Amino acid sequence: PHTMFLSIVPFLHTLTQNTFFSNSPSTSSDSSCLTLHSEHLSTPSLIIDKCQFHKNMHSLHNDTLLIEGNIVIRPHVKAHKSRYIAKLQLKEPIVIGLCCQKVKELEEMLPLFTPGDTRNVASIKQTLLLTNEVVDSYRIEKVIRANVKCEGRLICVVDNLQVLDKFLDAQKQLGEGYLLQLLVEVNVGQNRCGVEPHSKQLVDLVTEILKHPKYVKFAGIQAYHGANQHIRRWEDRRDAVDEVSRKVKKSLDLIYEKTHVSCGIVTGGGTGTYEFEASCGLYNEIQPGSYLFMDVDYGKNFDRSGLPLSRSSFPSSLFVLSTVISKTADESRVVLDCGLKGISLDSGVPLVYGRPHLEYTSGGDEHGILTSKDERPIALNVGDKVLLVPGHCDPTVNMYNEAYFVGRAKGEEQRRTLELADPVERKIRIDGRGPGI
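Owing to the predicted nature of the structure, the values given are computational and were not obtained by experimental measurement. (Residues numbered from 1 in each chain as written. Predicted model: local features only at pLDDT ≥ 70, side-chain atom pairs only at ≥ 80, totals over all residues. Heavy atoms only, no water.)

Now for the confidence of the model for the protein chain. On average, residues of the protein chain score 92 in pLDDT, and 92% of them are at 70 or above. The low-confidence segment residues 1–22, where pLDDT is below 50, has 25 contacts with residues more than four positions distant or belonging to other chains. The model gives residues 26–34 a pLDDT under 50, and that stretch makes 16 contacts with residues more than four places away or in other chains. (pLDDT = per-residue confidence, 0-100. Contact = heavy atoms within 4.5 Å.)

In structure tokens form, the structure reads like this:
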């Protein structure tokens, strides 16, 4: 095995220098020219099942509920943080733009929306929404400069009059005549950010924005409830979104009553609840992110028919490749080289792909421990590789600088399961990773 590894090293170096591994979707991806397989990658590595990834994207982007309801999708970049994947999403007619959670993510996606930039792929109608609050002057100035670069195609959220004043001051100094579009964020039950629905603070914010048409434009409201995404039973998720919808309607009615202005954008919803926001008659865009990858936690949700999402709408396409580095003499456990630094445990432990009888427990920063749940043998040796399905996709992706798209061997394109011998077709950068700024 040592000799074989040494023989692979020069090959890996050659491939990583090759322009085949670019960040452009237009790059040729003829996998027949490659002999690199996922089992050859160093570990831990982030793996994307190309076939399932595209099936997940096609499933949501062609959902008849959205199409017939004229609901557009604004995918959330925080799930993948990759300019390459964002380009794929922006090519879809139903996609109205992108969501970013951090200014760092926004800056990495900005070239896609910047006229004159060679990386620009967004249409003139597509916009970039920063879904989180930005409150300090340093980041607000970065946002205003970004809005100038993309010629007014940026949207921000606010929930505070003092922060709005900072945006106005920065716009007056740096805006160069480009309006900054603003959404007022409404707290619809998660008690995170946002003004209370049907409140004086909501009216005051909208009214103040409307006073400054030279610098800012009131574009609508953001009403997102993250915790609802992970309610397990379909009926319970529906009921939870019904409660959200009542708060949204109160907010929309109050805004119109006090200002005689309608909200052009009503945005929210995610992978777990989008069908309910889309059908309630109030939202006109949704913000799913995890649908491309999915994870163990989302897979525990049930759809309307009672099937888990992992077996119905959106099976997992994201994995972490890990190597067995130790094994007990009695074969009661093996140790992997993937611990807290390589996979997120905040939403639970990962599953071992294709080996449901194995159970992962944390072994610390660099180690994971596998044991058998029953009498079946572990059947792994030192040097063997396994695929782990992350408990939570977003923070797991955030740990990596790059990811590898893995396809299928020629003639096996219809095979549903991923195998370690499948070819690596592309390496992509995780452009927006990190804690953000």
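Turning next to the environment of R355. Position of R355 among the secondary structure elements: in the loop between β12 (351–352) and β13 (358–362). For R355, a relative accessible area of 25% gives the class partly exposed. Residues R355 and K385 lie 30 residues apart in sequence; the distance between their C-alpha atoms is 12 Å. Aside from chain neighbours lying at most four places away, what touches R355 is I378, A379, L380 and V386. (Helix = DSSP H or I, 4+ residues; strand = E, 2+ residues; numbered from the N terminus. Buried < 20%, exposed > 50% of the residue type's maximum accessible area, 1.4 Å probe, protein only.)

As judged from the four bridges shared by strand β3 (residues 97–100) and strand β4 (residues 127–130), these two strands associate in the parallel manner. From the neighbouring strand, C100 faces β4, where its bridge partner is L130. Handedness of the crossover joining β3 and β4 through helix α5 (residues 103–109): right-handed. (Pairing = 2+ DSSP bridges. Right-handed = clockwise from strand over helix to strand, strands pointing away.)

Moving on: the packing of helix α2 (residues 50–61) against helix α4 (residues 83–90). Where α2 meets α4, the closest approach of the two axes is 12 Å, and the angle between their N-to-C directions is 40°. Classified by chirality, the crossing of α4 by α2 is right-handed. For the pair α2 and α4, the contacting residues are F53, H54, M57 and H61 in the first and I85, L88 and Q89 in the second. Looking at the contact of α2 with α4 residue by residue, the classes come out as four nonpolar, three polar and no charged. (Axes fitted to C-alpha atoms, helices over the stretch in contact; angles between N-to-C directions. Left-handed = near helix turned anticlockwise from the far one by under 90°. Nonpolar A, V, L, I, M, F, W, Y, C, P; charged D, E, K, R; others polar.)

Quick look at the pattern of salt bridges now. As a working rule, side chains carrying opposite charge can pair if their charged atoms are close by. Taken as a whole and judged by the stated rule, the model has 24 salt bridges. For R119, the salt bridge identified is with D117, shortest N-O distance 3.0 Å. Residue D117 is classed as partly exposed on the basis of its relative accessible area, which comes to 21%. Its salt-bridge partner being K341, residue E366 comes within 2.6 Å of it at the nearest N-O pair. With a gap of 25 residues between them, E366 in the loop between β13 and β14 (368–372) and K341 in the loop between β11 (333–336) and β12 connect regions that are remote in the sequence. The class for K341 is exposed, based on a relative accessible area of 55%. Salt bridges linked by common partners bring E412, R415, E419 and D422 together as one network. (Salt bridge = Lys/Arg side-chain N within 4 Å of Asp/Glu carboxyl O.)

On the secondary structure map, G270 appears in the loop between β8 (265–268) and α10 (274–279). Those residues within four positions of G270 in sequence are excluded, and the remaining contacts are Y224, Q229, Q287 and P288.

Reading across the sheet, the eight strands line up as β2-β9-β8-β7-β6-β5-β4-β3 and stay open at both edges, with parallel pairing between neighbours. With one partner strand each, in any of the chains shown, β2 (72–73) and β3 form the two edges of the open sheet. Both β8 and strand β9 (residues 285–286) contribute to a ladder of two bridges, which runs parallel. Pairing of G268 across the sheet is with I286, part of β9.

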